[in-house]
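Results of the structural survey
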Amino acid sequence: MEKQTLLQYLKEILGEENVVENKPLKNHTYTKLGGEADFFVTPVTYEQVQQVVKLANKIDIKFTLLGNGSNLIIRDGGIRGIVMYLGKLNKVTVSDTTITAQSGSLIADVSKQALKSHLTGLEFACGIPGSVGGALFMNAGAYGGEIKDVLTNAKVVTIDGELKTVLADHLDLTYRSSNIPDNGYIVLEGEFALKEGDYDGIKAVMDDLTFKRESKQPLEYPTCGSVFKRPKGYFAGKLIQDSHLQGKQIGGAEVSRKHAGFIINKDNATASEYISLIKHVQQVVKEKYGVQLEREVRIIGEDLS
Ligand SMILES: Cc1cc2nc3c(=O)[nH]c(=O)nc-3n(C[C@H](O)[C@H](O)[C@H](O)COP(=O)(O)OP(=O)(O)OC[C@H]3O[C@@H](n4cnc5c(N)ncnc54)[C@H](O)[C@@H]3O)c2cc1C
């Protein structure tokens, strides 16, 4: 299909203001890396999400979902086809001890909403910078809590563009993983079952976790958070620290001196430099300790041609 025809179809589905051609993606990722999206669409209704999926299927065009970009590295050549950003679907509602949050709302904001409503269970998420969709996809977690502990079900769009409600037990939520990518689900909302709690107690826990995060993580630089998953029996940060890799730079990317598990975009790094540094860290740790570090961060898109 001609680019102009596709653009026209997308504008008919989403409205002129919700479709952008050749959209730079740098500012949609926490690492501030990456090229452009051919077509960047921001649906405002569930029906629009379904229609875009059906259109992409019909004309067989590549389709990529973007949450809050806090666990993604986009390569320098950008992303071909359609990139869908769900940030405008961001309603959060509270009913009794249940919170229902649309996928584009931030999990940290949902956690703050829980605090306001005197509900306990989401304190662990107060500093995780992802969207609800991204948090379910990754089974995000911190300081002993994870999405799995509080999620009851999710509303999703299937690869055929149909709406479906899936019980949390059917999402295979395990350490930083779910079956959402394998099923090709687009998460539209998550429902969280919390418990009544004491405002001051919940706030004290959140303040403590925020202090821990801010004092240990290099949040002053663009970064994707922990680059690697925790290897069984080890800590990725400790292995990297003991390999004397802190401060190691490739181009503008550097292994953080503050937290060895983080790689920072210190000085206008390219995605290619950042990814080379990830591979270098994996190689050195493997050579020294025989441990294969598995990436937590996802790398998508194309290299520059
Ligand atoms: C400073 C910092 C600290 C962090 N701390 C933590 C932490 O403590 N614990 C933790 O678990 N993570 C942490 N992270 C990582 C990250 O915040 C989480 O993995 C988060 O869940 C990613 O959500 P996102 O919306 O940013 O997803 P994105 O990075 O935008 O996307 C990640 C993946 O999710 C998919 N996705 C996004 N939205 C949807 C949707 N609606 N439906 C289906 N798939 C979707 C995308 O296609 C992509 O493959 C941290 C990151 C940073 C930068």
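Here is a short report on the structure shown in this document. (Residues numbered from 1 in each chain as written. Predicted model: local features only at pLDDT ≥ 70, side-chain atom pairs only at ≥ 80, totals over all residues. Heavy atoms only, no water.)

Another aspect to go through is the environment of alanine 236. With respect to the helices and strands, alanine 236 occurs in helix α7 (residues 236-242). We classify alanine 236 as buried; its relative accessible area is 9%. Taking the C-alpha atoms as reference points, alanine 236 and glutamate 294, separated by 58 residues in sequence, lie 9.3 Å from one another. Residue contacts for alanine 236: discarding those within four places in its chain leaves Phe228, Lys229, Pro231 and Leu293. (Helix = DSSP H or I, 4+ residues; strand = E, 2+ residues; numbered from the N terminus. Buried < 20%, exposed > 50% of the residue type's maximum accessible area, 1.4 Å probe, protein only. Contact = heavy atoms within 4.5 Å.)

Now for the sheet that holds strand β15 (residues 223-226). With antiparallel pairing, 4 strands are arranged side by side in an open sheet as β15-β18-β17-β16. Looking at which strands have only one partner, the edges of the open sheet turn out to be β15 and β16 (249-250). Here helix α8 (residues 271-289) sits on the sheet and contacts β15, β16, β17 (253-255) and β18 (262-265); the angle it forms with β17, its principal contact strand, is near 25°. (Pairing = 2+ DSSP bridges. Axes fitted to C-alpha atoms, helices over the stretch in contact; angles between N-to-C directions.)

Below, the discussion takes up the site of the ligand. Residues in contact with the ligand amount to 36 residues; listed here are only the nearest, Leu65, Ser70, Asn71, Ser131 and Gly141. Between the ligand and the protein, one listed contact pairs an oxygen atom with a backbone N or O atom of leucine 65 at 2.7 Å. Considering the ligand on its own, with 970 Å² of exposed area, one finds that the protein chains cover 94% of that surface. Contributing elements (two or more residues each) for the shell around the ligand: β3 (63-66), α4 (132-138), β9 (141-142), β13 (186-193) and β15. A class-by-class count of the residues in the shell around the ligand yields 18 nonpolar, 14 polar and 4 charged. (Near = heavy atom within 4 Å. Polar contact = N/O pair within 3.5 Å; in protein donor to acceptor, adjacent residues only side chain to side chain. Areas by Shrake-Rupley, 256 points an atom, 1.4 Å probe, with all protein chains shown as cover. Nonpolar A, V, L, I, M, F, W, Y, C, P; charged D, E, K, R; others polar.)

With 29 residues, the main nonpolar core has Ile107, Leu122, Leu136, Ile147 and Phe192 as its most contacted residues. The residues contacting leucine 122, other than those within four sequence positions of it, are Ile107, Val110, Ser111, Val150, Phe192 and Leu194. Listed in part, the 26 residues of the second largest apolar core include Ile73, Ala253, Ala269 and Val285. (Core = buried A, V, L, I, M, F, W, Y, C linked by side-chain atoms within 4.5 Å.)

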